[in-house]
There are 2 protein chains.
Amino acid sequence: MAFAIDGRRLWESLEALGRIGRYRDDEAEVWGVCRLALTAADGEGRRHVVEQMKAAGLAVTIDRIGNVFGRREGREPLAPVMVGSHVDSVPTAGRFDGCLGVLGGLEIVRSLADDQRVTRRPIVVAFFTDEEGCRFGTDMLGSAVATGRIPLDRAYGLKDRDGLTVRDELSRIGFLGEADVALAPPHAYVECHIEQGPTLRAAGKDIGVVSGVQAISWHELTLTGRSAHAGTTPMELRADAGMAAARLNLYLRAMILSGRYGALRATMGAIVPRPGLVNIVPGKVIATIDLRNPDDGAMRRAEQDLIGFYDRVAQDEHVKITWRQTARTDSVAFSPKLQERIAAAAEARGLSCSPIVSGAGHDAQEMARLCPAGMVFVPGENDGISHNPREYSTPEQCARGVSVLADVLLSLAEEEG
Amino acid sequence: MAFAIDGRRLWESLEALGRIGRYRDDEAEVWGVCRLALTAADGEGRRHVVEQMKAAGLAVTIDRIGNVFGRREGREPLAPVMVGSHVDSVPTAGRFDGCLGVLGGLEIVRSLADDQRVTRRPIVVAFFTDEEGCRFGTDMLGSAVATGRIPLDRAYGLKDRDGLTVRDELSRIGFLGEADVALAPPHAYVECHIEQGPTLRAAGKDIGVVSGVQAISWHELTLTGRSAHAGTTPMELRADAGMAAARLNLYLRAMILSGRYGALRATMGAIVPRPGLVNIVPGKVIATIDLRNPDDGAMRRAEQDLIGFYDRVAQDEHVKITWRQTARTDSVAFSPKLQERIAAAAEARGLSCSPIVSGAGHDAQEMARLCPAGMVFVPGENDGISHNPREYSTPEQCARGVSVLADVLLSLAEEEG
């Protein structure tokens, strides 16, 4: 008989965590979640999950970047199989992003305990610090530090808009742990996550077998013109940083429509004009650009052309444009063995599945540096909308994803060296 | 001998008031001024000027919208001649906008006192509440209430971004006066102001004889799309409120370049995307548009076409666009008699002058409803930049403007009924 998780318990745990940091979203007319990394709400969410881990019999350790590991011992002293994700959120989140992977892992060890079943290898349920990157500007922060991509000191020194540092905020919420951040390579890492896009739902698939993660490039731009009186300054004498930002945004669209950059996605998410008042030409704008591309070559072309356009707009609009790279990852390919095993598990349960490239960044792509890594995607309703309170996957969709995750996890946990 | 003001005392008074609410502006690398209406800094600036008025022997009254009037009695109980402007500022201001008119009026009565000279009519030096409109969204607020365009209750109820009302903030800074807001018509109103544009300086003119003020139209827009994950949401499924705002900004430029709207000026000064984060498609944007036009017909055409474009962008971008008119004034023509008198005074002093349309709104345009009104413009350095800490007129330019203002004021103050 196939291993069975308790779908209802999983759902209830998603709802319980979703009540922490919740807010009423007037736009979406539903409850949303705001547990921005290392805020008090994130601290509360973290403590809640740690309590659940301990109640499930896991031994909890916290490392120096605040990553949390709940370990269940196996029959043999082999490298563990790790399952996890994150519990921090964007400011306008739903209940599923990240949480499904963490609580899914927790549900699996609870079900193992119910069955009084001990695996050969230890199982570690992990959640990583600041996967979203919204507050300190660098996403997958905890998993990147644990796997050596970002040095701990650099991560500690990152500041939010108020000048608060990662280190101080970790300490403030009580998650500045003592364990070494250099993670010993697990046997494998698996993560269940919502797709955060419309593809699986539109294709009627139950499970996405994630082949990899697209490349990500974030720019933070500072456009400096000259603030001036909106009524008296002739149009030809202006250096309007807001107009320059608008042209960059439209250029992103033109890049997409050109078809020259493959499956490029591009977004100007933040635009902060100063002084930002009705009757003053904006003298300064801080803006961000987010580029994604599954093809590393097409991504590099897009970046080069965009940077070239910065120069052109700077010249045309008489503004200075400076920018810094706040995130940059190449595309990542997940373990073919794990992809095969995920597809096989889905098929054995009679679930439909298809390969899919992840549109979002995930902790699994960081873990792929240390060990074979794989991801199971679950379809989402409402066109798979995410980073929005309307984010929603059904109890059945969640349970199917975690069941497939469990099958793969347990097969890995019985493997030899 | 011509009446002489003390140019050095005028300059020192500008510098003294400019130290209140000052801040270091990193962009301009100079000291700027921030005395946003009805903030503590505005209160401090107001108290400073009230003290100076009292020291100059003026009898100060404050009306229920916080307008301040310093009266110097004349030889006869006739309607006074009024001189004034405002002392509130935009958040990124220099030392001259508004202050030159108020402190210029104060300098004239000080010089009259030095000469022990009493005019036939009383002279009133006035400063009006919230001329800039940056905080509560409606400019020329105090003078509009005093002259009956805006009812007092409506003005009281205006709120800033934090929900604080004009009435409560007037009370908090101690300027909720008791005098009736309905101003008894003065004999005439004159105001000296910096041009806030490059025209006079470029033409080498000492004095601008203001023929009138261009029409002003402000829209506050709310663009509502759908916030979504920047990495996973296909471009064609987005409802990006930031992209819609960028298109509106570019449309403003296209309107200017079309040449179809005369001397139109158009500015998108504020853009506030929500949630405003690097990896989230903006679901909502609040933006403002400021239109100016010396021609009322061309202004109406521009407004109609712009509103038509709102609908088109809403449809194209799958966003909802709502807007409200936060300010709207037709163009205003100043008294021909006062224009002639200003030009004659300039010529008598050997100063060059030219007629000019004001690009900015001024309290004088409100006062023009009650009595003959006129304005003297003073050229500005740095292309006449204003609403910027680099705003600068020389001591000589200021003294010339106030000298011409004095000549006109004194001639009016000796007139019969």
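Residues numbered from 1 in each chain as written. Chains lettered and ligands numbered in written order. Predicted model: local features only at pLDDT ≥ 70, side-chain atom pairs only at ≥ 80, totals over all residues. Heavy atoms only, no water.

Novice: How do you make sense of the relation of the copies chain A and chain B when you look at a structure like this?
Specialist: Superposition of the two copies of the chain requires a rotation about an axis and a shift along the axis. With an RMSD of 0.1 Å, the operation that places chain A on chain B is a rotation of 180 degrees combined with a shift of 0.1 Å along the axis. Considering both components of the superposition, the chain copies are consistent with a two-fold axis. Ranked by how close their C-alpha atoms come to the rotation axis, the residues of chain A are headed by Ala246 of chain A, at 2.2 Å. Most of the interface of chain A is mirrored in chain B, where 100% of its interface residues are also at the interface. (Least-squares fit on C-alpha atoms with pLDDT ≥ 70 in both. Contact = heavy atoms within 4.5 Å.)

Novice: Explain the domain arrangement of chain A here, please?
Specialist: By a frequent convention, interface size equals the accessible area lost on bringing the separate parts together. Residue and element names in this part refer to chain A. The domains assigned to chain A are domain 1 (7–214 + 333–413) and domain 2 (215–329). The C-alpha centroid of domain 2 is placed 33 Å from the C-alpha centroid of domain 1. Across the contact, 15 residues belong to domain 1 and 12 residues belong to domain 2. Its largest share of buried area at the contact with domain 2, domain 1 owes to Gly137, Asp139 and Gln214, together 56% of the area lost on that side. Counting across the interface, domain 1 meets domain 2 through 0 salt bridges. Counting every contact that joins domain 1 to domain 2 gives 1 residue pair in polar contact (both at pLDDT 80 or more). Its residues assigned to classes, the side of domain 1 that touches domain 2 shows 3 nonpolar, 7 polar and 5 charged. (Domains from an automatic or database assignment. Buried area = accessible area lost by both parts, 1.4 Å probe. Salt bridge = Lys/Arg side-chain N within 4 Å of Asp/Glu carboxyl O. Polar contact = N/O pair within 3.5 Å; in protein donor to acceptor, adjacent residues only side chain to side chain. Nonpolar A, V, L, I, M, F, W, Y, C, P; charged D, E, K, R; others polar.)

Novice: Help me understand the nonpolar core in this model?
Specialist: Generally speaking, nonpolar side chains in soluble globular proteins are found buried as a group. In terms of nonpolar packing, the biggest core is built from 71 residues, with Leu14, Ile65, Leu100 and Ile108 of chain B touching the most fellow members. Ranked by the residues each element gives to this core, the list is headed by helix H12 (residues 395–413) of chain B, at 11 residues. Apart from residues no more than four positions distant in its own chain, Leu100 of chain B is found in contact with Leu10, Leu14, Cys192, His193, Ile194, Val378, Cys398 and Val402 of chain B. With 70 residues, the next largest nonpolar core counts Ala56, Ala144, Phe175 and Ala345 of chain A among its residues. (Core = buried A, V, L, I, M, F, W, Y, C linked by side-chain atoms within 4.5 Å. Buried < 20%, exposed > 50% of the residue type's maximum accessible area, 1.4 Å probe, protein only. Helix = DSSP H or I, 4+ residues; strand = E, 2+ residues; numbered from the N terminus.)

Novice: Explain the packing of helix H10 (residues 336–348) of chain B against H12 of chain B here, please?
Specialist: Packed helices, taken two at a time, are described by the angle their axes make and the gap between the axes. Residue and element names in this part refer to chain B. Their axes nearest at 9 Å, the elements H10 and H12 cross at an angle of 125 degrees. Judged on the interaxial angle alone, H12 and H10 are oblique. In the packing of H10 onto H12, the handedness of the crossing is right-handed. Residues Lys337, Leu338, Arg341, Ile342, Ala345 and Ala346 of H10 form the contact with H12, whose own contacting residues are Val404, Asp407, Val408, Ser411 and Leu412. The residue makeup of the contact of H10 with H12, split by class, is 7 nonpolar, 1 polar and 3 charged. (Axes fitted to C-alpha atoms, helices over the stretch in contact; angles between N-to-C directions. Parallel < 35°, antiparallel > 145°, perpendicular 65-115°, else oblique. Left-handed = near helix turned anticlockwise from the far one by under 90°.)

Novice: Hey, could you run me through the interface of chain A and chain B in this one?
Specialist: Contacts between the two partners involve 67 residues from chain A, matched on the other side by 67 residues from chain B. In this assembly, chain A packs against chain B so that about 5,500 Å² is buried in total across both faces, 60% of it on carbon and sulfur atoms. Joining chain A to chain B, the criterion identifies 2 salt bridges. Counting the contacts that link chain A with chain B gives 19 residue pairs in polar contact (both at pLDDT 80 or more). Mapped by element, the contributors of at least two residues to the side of chain A that touches chain B are strand S9 (215–224), strand S10 (228–229), helix H8 (241–258), strand S11 (265–267), strand S12 (271–274), strand S13 (280–281) and strand S14 (284–293) of chain A. For the side of chain A that touches chain B, the class distribution of residues is 29 nonpolar, 23 polar and 15 charged.

Novice: What should I look at first to understand unusual backbone geometry in this one?
Specialist: Both trends apply: most residues other than glycine have a negative phi, and most peptide bonds are in trans. Between Arg274 of chain A and Pro275 of chain A the backbone carries a cis peptide bond, its omega angle lying at 0 degrees. A positive phi is found at His387 of chain A, a non-glycine position, where the angle reads about 55 degrees. Relative to the helices and strands, His387 of chain A resides in the loop between strand S18 (373–378) and helix H12 (395–413). The class for His387 of chain A is buried, based on a relative accessible area of 1%. One non-glycine residue, Gln196 of chain B, adopts positive backbone phi at about 65 degrees.

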